[in-house]
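Chain and residue survey
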Amino acid sequence: MMKIVAVTACPTGIAHTYMAADALVKAASKFNVQIKVETQGAMGIENPLTPVDITHADRVLIVSDIEIEQAGRFEGMNIVKIPIEDVLLNVDKVFLVHCR
């Protein structure tokens, strides 16, 4: 089973941040993917990724159109940057293309 960590963030940090996180979590089981999603929104960082989460991940998804906080912790990892709109419009395609 592939293990993925993801960070979602949008310019206003309200709806799209959480909608994208929700879509990723719901779709993950369909693609036999274990996922943990950190949101960086108006409420700050929620569901933070731990160093253990990051170390054990096969891939890091950065689902954002803005710079995320603490991006350096993913240095050396297999990182895929995805526009937040791609997840909101077709999360299945995101998993098919980036999570195999």
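Before any of the text, the structure's been laid out above.
Bear in mind that the values here come from a model prediction, so they are computed numbers and not experimental data.

Here we look at the pattern of salt bridges
- Counted under the stated rule, the structure contains four salt bridges.
- Residue lysine 30 is joined to aspartate 92 by a salt bridge in which the shortest nitrogen-to-oxygen separation is 3.0 Å. Of the two residues, lysine 30 is situated in the loop between α1 (15-28) and β2 (33-41) and aspartate 92 in helix α3 (residues 84-98); the sequence distance between them amounts to 62 residues.
- Judged by its relative accessible area of 55%, lysine 30 is exposed.
- On the accessibility criterion, aspartate 92 (26% relative accessible area) is partly exposed.

Quick look at the nonpolar core
- Grouped together as the largest cluster of nonpolar side chains are 24 residues, with contacts concentrated most on Leu24, Val33, Ile35, Leu61, Val63, Val87 and Phe95.
- Residue assignment for this core shows that the elements contributing at least two residues are β1 (2-9), α1, β2, β4 (59-64), β5 (79-82) and α3.
- The leading source of residues in this core is α1, at six residues.
- Those residues in contact with valine 33 that sit more than four places away from it in its chain are Met1, Met2, Ile4, Ala28, Phe95 and Cys99.
- Of all hydrophobic cores here, the second largest spans ten residues; its members include Ala9, Val60, Ile62 and Ile68.

A short note on the environment of proline 11
- Among the structural elements, proline 11 can be located in the loop between β1 and α1.
- The sequence separation of proline 11 and alanine 42 amounts to 31 residues, and the corresponding C-alpha distance is 9.3 Å.

A word on the packing of α1 against α3
- Where α1 meets α3, the axes come as close as 9 Å, and the angle between the chain directions of the two elements is 5 degrees. Taken as axis vectors, α1 and α3 run roughly parallel relative to one another. Residues His16, Thr17, Met19, Ala20, Ala23, Leu24, Ala27 and Ala28 of α1 lie in contact with α3, whose contacting residues are Ile84, Val87, Leu88, Val91, Asp92 and Phe95.

Rules used in this analysis
- Residues numbered from 1 in each chain as written.
- Predicted model: local features only at pLDDT ≥ 70, side-chain atom pairs only at ≥ 80, totals over all residues.
- Heavy atoms only, no water.
- Salt bridge = Lys/Arg side-chain N within 4 Å of Asp/Glu carboxyl O.
- Helix = DSSP H or I, 4+ residues; strand = E, 2+ residues; numbered from the N terminus.
- Buried < 20%, exposed > 50% of the residue type's maximum accessible area, 1.4 Å probe, protein only.
- Core = buried A, V, L, I, M, F, W, Y, C linked by side-chain atoms within 4.5 Å.
- Contact = heavy atoms within 4.5 Å.
- Axes fitted to C-alpha atoms, helices over the stretch in contact; angles between N-to-C directions.
- Parallel < 35°, antiparallel > 145°, perpendicular 65-115°, else oblique.

Honestly, that's just the spatial picture; any functional story needs more than this.
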